[in-house]
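# Coordinate analysis (summary)
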Amino acid sequence: MNPLFPDQYYEFVVGFAVFLVTLFVVGNVLVPRLQKTLAERADAIDGAIARAARAQAEVRDLERRYHEQLEKARREAALLREEAREQGAQIKAELRAQAQAEARRLIETAHAQIEADRQAAFARLRPEIGRLSTDLASRMIGESLTEDVRNSGIVERFLDELENRTVA
């Protein structure tokens, strides 16, 4: 019993027929199904690769738009900051001008008040100064000058001259 050279040829014919039937079934049924499955898998892989490439392109596009929007937002923020600085400087200048105007007004009011107070004090003190001057002059001379001074208006002229000198 040699397997390569059988004693009976019918085993060889039957083995060969079974081999041909198996070859036919495998060649006509299994191989096309395997090729179809492999082609479907290849198409699925190619489709997945294409979808991945499209997704990557879309991601790159979204990333580019994101960076553009981010840069635009940064520029707008810089403009807003600059406008805020300018507005702040303008408000500061306006407040400074208002404060200076208010200070000038207060100073003018104070000067006017001081002048009014000086005039009022001088008006109140004028008769007293005249009386004291007359009393002093009377003591120096040794005679009463009160009536003569009132009648002649010497003290009034003196005080007017004094007032004109201090004002000018």
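Residues numbered from 1 in each chain as written. Predicted model: local features only at pLDDT ≥ 70, side-chain atom pairs only at ≥ 80, totals over all residues. Heavy atoms only, no water.

### Some remarks on a nonpolar patch on the surface
There is a patch of nonpolar side chains on the surface, built from Val21, Phe24, Val25, Val26, Val29, Leu30 and Val31 and spanning about 550 Å² of accessible area. Secondary-structure assignment places Val31 in helix α1 (residues 9-141). The exposure class assigned to Val31 is partly exposed, which follows from its relative accessible area of 31%. (Patch = residues over 30% accessible without salt bridge, like charges linked within 9 Å, V, L, I, M, F, W, Y side chains within 5 Å. Areas by Shrake-Rupley, 256 points an atom, 1.4 Å probe, with all protein chains shown as cover. Salt bridge = Lys/Arg side-chain N within 4 Å of Asp/Glu carboxyl O. Helix = DSSP H or I, 4+ residues; strand = E, 2+ residues; numbered from the N terminus. Buried < 20%, exposed > 50% of the residue type's maximum accessible area, 1.4 Å probe, protein only.)

### Describing the confidence of the model for the chain
When the pLDDT values of the chain are averaged, the result is 85; 86% of them are 70 or greater. The least confident element of the chain, judged by mean pLDDT, is helix α2 (residues 146-152) at 57; the most confident is α1 at 90. (pLDDT = per-residue confidence, 0-100.)

### Some details on α1
The end-to-end C-alpha distance of α1 is 185 Å, a good match for the 198 Å that 133 residues give at a rise of 1.5 Å each. Along α1, the helix axis deviates most sharply at Leu125, where the bend reaches about 40°; the proline Pro127 sits within four residues downstream. Taken together, the buried positions of α1 are occupied by Phe122, Arg126, Gly130, Thr134 and Ser138. (Expected span 1.5 Å × (residues − 1). Bend = angle between axes of the 7 residues up to and from the residue.)

### Points about the pattern of salt bridges
Considering all chains together, one arrives at 6 salt bridges under this definition. Asp61 is paired through a salt bridge with Arg64; the nearest N and O atoms lie 2.4 Å apart. Residue Asp61 and its partner Arg64 are both found in helix α1; the two are separated by 3 residues, about one turn of the helix. Among the residues examined, Arg64 registers a relative accessible area of 41% and is labelled partly exposed. As a salt-bridge pair, Glu82 and Arg85 come within 2.9 Å of each other at their nearest N and O atoms. With Glu82 and Arg85 both in helix α1 and 3 residues apart, the pair spans about one turn of that helix. By relative accessible area, Glu82 is classed as partly exposed at 36%. It is possible to trace a salt-bridge network through shared partners that takes in Asp61, Arg64, Arg65 and Glu68.

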